[in-house]
Every structure is written in C-alpha cells, then in structure tokens.
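Residue-level structure breakdown
Here are the chains, one letter per residue:
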Amino acid sequence: MNIRFWGVIFALATSLNINAQSDTQWVGAWATAAEFTGPSDMPASPLTNRAIRQVVQVTAGSDRLRLRLSNEFSKEPVEIKGIFIADALDSCDINTRTACHLTFNGKRMVTIPPGECAVSDVCRYGLKPLQRLAITISYGSTPVNATSHRGSRTISYIISGAAKPKTSFANSERVAHWYNIAAIDIPANGQEGIAILGNSITDGRGSTTNEQNRWPDIMARALHEAAPGKYTVLNLGIGGNCVVAGGLSEPALKRFDRDILGQQGVGTVVIFQGTNDIGTSRHAEQSAAQLIEAYKTLIGKAKAAGKRVVGATITPFKGNGWYSYYHEAARRAVNDWIRSSGQFDAVIDFDELMREPSDHERIKQPWQEDGLHPNAAGYKAMGEYAAKCFLGK
C-alpha cells in the first residue's frame with residue numbers, strides 16, 4: 001500500500017511539474033547554435049561511456065532553470081546516464097556544494113533519438129547573473145558524429161567513465177567544443193531575450209579562450225550593469241557561416257527558424273551576418289543582391305513572429321585574403337541598404353565604429369586580429385557600443 005501511495009504522489013508531482021513548465025513564460029539565459037560534428041571536431045576517443053564537463057556563462061539569473069539538449073544533427077541516439085550542474089570555479093573545478101542533478105520526466109537518464117531534442121525538468125538552482133555554470137554529462141552510447149557547437153571559445157573536459165560531483169577532471173582530455181548542450185531557459189519575469197544571428201565575428205574568433213569576451217558577452221555585461229533584469233543575450237553565431245548558401249553549417253536562411261525563432265522569450269533579433277557571403281563570392285555584385293533579398297526574408301519572418309529586428313552593418317575586411325575592389329563595393333552596397341532601407345527597426349553601425357578613420361576599408365589597427373576578425377579590444381568596443389544602442393545612448 002505504501003508503494004502504491006508513493007507511486008501516486010510521484011505521478012502527481014510529475015504532472016504538476018509538467019503543468020508548471022507549460023504555464024511558465026520562459027526566456028533564454030544562454031544558448032548556442034547546434035551543428036553537425038565532423039571527425040576533426042570530435043574528441044580523440046568517442047564520447048561513449050565517458051563524462052564531459054562543459055562551462056557556459058549565462059546572461060541572467062533565476063532560482064529555477066531548465067536545460068535543452070540537442071541531438072538534431074546525429075543519425076544515432078545519444079544515451080545520457082546522468083547530468084548535474086554546479087557553479088564553475090577555475091579550470092575544470094566546480095563548487096561541489098552547489099551540484100544539482102537534472103531529471104527528465106522524473107528520471108536521471110534520458111535517451112535522445114536522432115534528429116531530436118530533450119528538455120530537462122525544472123531545476124531549483126541559485127543561478128546568478130553572468131555566472132559561469134558547469135554542466136557535467138555522463139554518457140552511455142553515443143553517435144559517431146555528435147551534435148555540437150564547434151566554436152565554444154571555452155575548454156571542455158572529458159574523462160573515462162561516469163562522473164559524480166566529487167569526481168576529478170584534472171587528468172582530462174581538453175577540447176574547445178560544446179557537445180549536445182543547446183540552451184538554458186529561466187522564467188522570464190519580464191525580461192526580454194535578444195537573439196543574435198551571426199558568423200565567426202559573433203561566435204568570437206579572435207577573443208580569448210575561457211575569458212568570455214566575445215562582443216555579445218561584453219554587451220550582456222554592459223546591459224546588466226545599466227539595466228539589471230531587463231535583457232538576456234543569446235549568441236547564435238557560427239564560424240564560417242553564410243546567409244544564403246555555402247560556408248560552414250546550415251546557412252542562416254535555413255537555420256533561422258530553429259536557432260533564432262526557436263529560442264524562448266526573444267523580443268529582439270539582431271542580424272549581423274553577410275561578410276562570408278561577400279568575401280567568398282566570385283560574383284560580389286550578385287552576392288550583395290542575394291544578401292539583401294535574404295535579409296528581407298529573415299526580417300519578414302521575425303516580424304511575423306512579433307519580433308523587433310535590428311540590423312548590424314558589415315565590418316571592414318581589407319587586409320584579409322578575400323578583399324578586392326569588387327568585394328568592398330558589395331560590402332558598401334549592403335551596408336548602405338541596411339542603413340537606409342527602413343526595413344530594420346534599428347541599426348547597429350559596427351562598420352562606422354570599427355573602421356580606420358584614414359581608411360574606411362580597414363578595421364582600426366588596435367582592434368583587428370587578421371584584417372577580418374577583431375581582437376579582444378575590438379570585441380570590447382563592439383559590445384559596449386551595441387549595449388549603448390539598446391539603451392538609447
């Protein structure tokens with residue numbers, strides 16, 4: 001009789017938890033864009049029967065959260081034996097006193113079918129704004145090709161066997177990728193999510209590994225300091241990504257619905273993408289026209305979904321290998337359209353901010369990494385500038 005009683009109680013608690021999730025208005029506190037993972041971005045040994053600790057920096061805090069996992073780009077299921085979260089300390093260490101095991105429909109184990117996602121039950125956790133959170137996953141069987149985000153700019157730590165909160169990751173394989181983690185959602189409480197569509201400049205190439213100093217990171221800090229509890233910032237940049245076709249991973253036209261409109265609580269979409277379409281094109285003028293048409297499509301989708309849309313101008317790339325007179329003309333034509341078309345609700349003029357006063361085709365020398373990507377100082381300038389645009393300064 002006691003077994004039946006507790007079974008009823010567990011079923012009732014599970015039902016209440018599901019209802020609580022459906023009634024709650026959520027907003028993303030962190031997210032990344034999922035990608036297919038080729039052999040060069042997989043760990044040295046398969047993830048099967050291993051554990052991984054991955055560190056992310058959230059942009060808002062709450063006393064409740066849920067984690068979304070993605071197996072969307074894999075052809076086999078991924079078996080997860082357990083997941084716990086904890087406050088991240090230096091390197092691979094965590095504050096074990098904060099460890100909290102996640103469940104899925106009341107169970108610690110979950111198997112995610114190929115092409116699908118899984119969302120955890122709501123977890124009570126003292127998540128602080130801008131804190132670093134460690135997510136530790138113990139795997140069973142895993143796909144040959146995982147679903148990942150290649151450009152984590154953050155080290156992940158992999159060991160053999162399953163992990164518990166006090167398990168050491170000191171002697172671990174270390175990779176700069178995230179596997180399976182896709183988003184952390186929190187109750188919105190009036191906060192607005194800002195989802196950023198971008199390429200490697202948004203993904204943070206040229207930033208400092210483990211320092212969380214991509215321009216969206218800087219923007220999130222500045223917004224929190226000036227308007228705490230008002231915004232969250234979601235970085236959906238992918239290195240090498242194009243808007244129309246080609247490049248790395250699915251182009252923006254294809255991934256927009258999932259990566260941007262699929263995020264929770266987004267009120268504003270920032271579109272800062274196009275340099276790869278122009279730079280890799282053999283017909284720059286044609287690429288510029290295609291980009292503008294693609295922007296119109298993305299703007300239309302976002303506005304139909306009730307989102308505000310902000311356009312960001314494409315930064316200079318003279319000094320990079322794909323620069324030419326024709327590619328520069330295309331960049332200027334696209335930027336002129338972004339500024340003057342009236343299609344966007346607002347414009348972040350990164351081009352004007354970043355260009356050298358004596359040569360508008362180049363990024364300012366103290367802010368450039370390789371002619372195309374900014375360095376940490378450049379990202380700091382971009383993030384602070386973008387925050388001011390949102391704050392109306």
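Residues numbered from 1 in each chain as written. Predicted model: local features only at pLDDT ≥ 70, side-chain atom pairs only at ≥ 80, totals over all residues. Heavy atoms only, no water.

So, about the overall build of the protein. Of the regular secondary structure elements, the protein holds 9 helices and 22 strands. Taking 393 residues into account, the globule formula puts the C-alpha radius of gyration at 21 Å, and the protein, at 21 Å, falls close to it. Evaluated residue by residue, the protein yields a buried proportion of 56% over its 393 residues. Residue pairs in contact within the protein that sit at least 24 positions apart in sequence constitute 80% of those at least 6 positions apart. Here the protein holds 42 positive side-chain charges and 37 negative ones, and the gap between their average locations is 5 Å. (Helix = DSSP H or I, 4+ residues; strand = E, 2+ residues; numbered from the N terminus. Rg over C-alpha atoms; globule rule 2.2 N^0.38 Å. Buried < 20%, exposed > 50% of the residue type's maximum accessible area, 1.4 Å probe, protein only. Contact = heavy atoms within 4.5 Å. Lys, Arg positive; Asp, Glu negative; His and termini not counted. Charge placed at Lys NZ, Arg CZ, Asp CG, Glu CD.)

With that settled, consider helix 3 (residues 215-226). Every α-helix carries 3.6 residues per turn, so stepping three or four residues along brings you back to the same face. In this model helix 3 runs 16 Å from its N-terminal to its C-terminal C-alpha over 12 residues, within 8% of the 16 Å that 1.5 Å per residue would give. By the burial criterion, the buried members of helix 3 are W215, P216, D217, I218, M219, A220, A222 and L223. At its buried positions, helix 3 is contacted by strand 16 (192-198), helix 2 (200-203), strand 17 (231-237), strand 18 (266-272), helix 8 (350-354) and helix 9 (376-391). (Expected span 1.5 Å × (residues − 1).)

A word on the packing of aromatic side chains. One pair of aromatic rings is described through two measures. These are the centre distance and the angle between the planes. On inspection of all chains with the given rule, the structure shows 12 aromatic pairs. Relative to F350, the ring of W215 lies with its centre 5.0 Å away and its plane at 70°, an arrangement referred to as edge-to-face. Here W215, found in helix 3, pairs with F350, found in helix 8; they are 135 residues apart in sequence, far enough to count as distant. Ring centres of Y295 and W337 lie 6.1 Å apart, and the angle between their planes is 20°; this geometry places the pair in the stacked category. Here W337 lies in helix 7 (residues 325-340) and Y295 lies in helix 6 (residues 284-304), a separation of 42 residues in the sequence. Both residues of the pair, Y295 and W337, belong to the buried class. An aromatic cluster is present here, built from W215, F272, F350 and Y385 joined pairwise through their rings. Sitting over the ring of W26, R66 keeps its end group 4.2 Å from the ring centre. (Phe/Tyr/Trp six-rings, centres within 6.5 Å; stacked < 30°, edge-to-face > 60°. Lys NZ or Arg CZ within 6 Å of the ring centre and 35° of its normal.)

Looking now at the pairing of strand 22 (residues 359-363). Sheet faces and side chains relate simply in a regular strand, where the side chains alternate between the two faces. With 2 bridges joining them, strand 21 (residues 355-356) and strand 22 adopt antiparallel strand pairing. What sits directly across from E356, in strand 22, is D359. (Pairing = 2+ DSSP bridges.)

With 16 residues, helix 9 ought to run about 22 Å at 1.5 Å a step, and its terminal C-alpha atoms sit 23 Å apart, in line with that. Among the residues of helix 9, G378, Y379, A381, M382, G383, A386, A387 and F390 are the ones counted as buried. N-cap assignment for helix 9: the residue whose side-chain oxygen lies 3.1 Å from the backbone N of A377 is N375. One or two residues past the end of helix 9 sits G392, with phi positive at roughly 75°. (Polar contact = N/O pair within 3.5 Å; in protein donor to acceptor, adjacent residues only side chain to side chain.)

Considering the arrangement of structural elements, one finds T202 in helix 2. Side chain to side chain, T202 and W215 meet in a polar contact 3.3 Å long. Residues within four places of T202 in sequence aside, it is in contact with I196, R214, W215, P216, N235, G237 and F272.

With that settled, consider the environment of R332. As for its placement among the helices and strands, R332 is situated in helix 7. Taking the C-alpha atoms as reference points, R332 and E361, separated by 29 residues in sequence, lie 9.4 Å from one another. Setting aside anything within four residues of it in sequence, one finds R332 in contact with H360 and E361. Side chain to side chain, R332 and E328 meet in a polar contact 2.8 Å long.

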